[in-house]
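Observations on the model geometry
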Amino acid sequence: MGTSKEYLEFVLEQLSHIEDITSRQMMGEYMIYHRGKLLAYVCDNRFLVKPVKSALELMPNAPRELPYEGAKEMLLVEELENREFMSTLFERIYDELPLPRPKKQKKGE
């Protein structure tokens, strides 16, 4: 099905109060980054976060869903319109995730 542009715009508006949020398209779906770390996916008009300890503590009853076939389960965020909750969620998840690995340089660069 894929995520609609309207849903992506809604998600980004709900996250607009959080500094340094970026998105990247991947096969009709979107990855959401906070200060360079991948924290969430927007897939099939659903907002999903990685099931790290802090996310599980904040959302103990959140449904677990697959962002796409063959992926690991993630947590469905149902409180997307609660800006205070989203700020807390992103800060705690961010603190728990490692920095991305540096990209390897191609030969000749």
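Residues numbered from 1 in each chain as written. Predicted model: local features only at pLDDT ≥ 70, side-chain atom pairs only at ≥ 80, totals over all residues. Heavy atoms only, no water.

Locating A62 in the fold gives a position in the loop between α2 (53–58) and β5 (64–65). Those residues within four positions of A62 in sequence are excluded, and the remaining contacts are L75 and L76. (Helix = DSSP H or I, 4+ residues; strand = E, 2+ residues; numbered from the N terminus. Contact = heavy atoms within 4.5 Å.)

Our focus in this paragraph is helix α1 (residues 5–14). Within the sequence span of α1, burial applies to Y7, L8, V11 and Q14. All buried residues of α1 fall inside an arc of 125 degrees around its axis, so they share one side. Facing away from the buried side of α1 by over 90 degrees, the exposed positions are E6 and E9. Elements that come into contact with the buried residues of α1 comprise β2 (29–34), β3 (37–43), β4 (46–49) and α3 (83–96). (Buried < 20%, exposed > 50% of the residue type's maximum accessible area, 1.4 Å probe, protein only. Arc of directions from axis to C-beta.)

With that settled, the discussion passes to unusual backbone geometry. Look at D20: it is not a glycine, yet its phi comes out positive at around 60 degrees. Locating D20 in the fold gives a position in the loop between α1 and β1 (21–26). Despite not being glycine, N45 shows a phi value in the positive range, around 60 degrees. With a relative accessible area of 29%, N45 lands in the partly exposed category.

Glancing now at α3. The end-to-end C-alpha distance of α3, which contains 14 residues, comes to 20 Å, matching closely the 20 Å that a straight helix rising 1.5 Å per residue would cover. Among all positions in α3, only F85, M86, L89, F90, I93 and Y94 are buried. Buried residues of α3, viewed axially, fall in a sector of 155 degrees; they line one side. In this structure, α3 carries E84 and D95 as exposed residues pointing more than 90 degrees from its buried face. Considering only its buried residues, α3 is in contact with β1, β2, β3, β4 and α2. (Expected span 1.5 Å × (residues − 1).)

Turning our attention to the pattern of salt bridges. Considering all chains together, one arrives at 4 salt bridges under this definition. The shortest N-O distance in the salt bridge between R83 and E13 comes to 3.2 Å. Separated by 70 residues along the polypeptide, R83 in helix α3 and E13 in helix α1 bring together distant segments of the chain. Taken together, the shared-partner salt bridges in this structure form one network comprising D44, R46 and E65. (Salt bridge = Lys/Arg side-chain N within 4 Å of Asp/Glu carboxyl O.)

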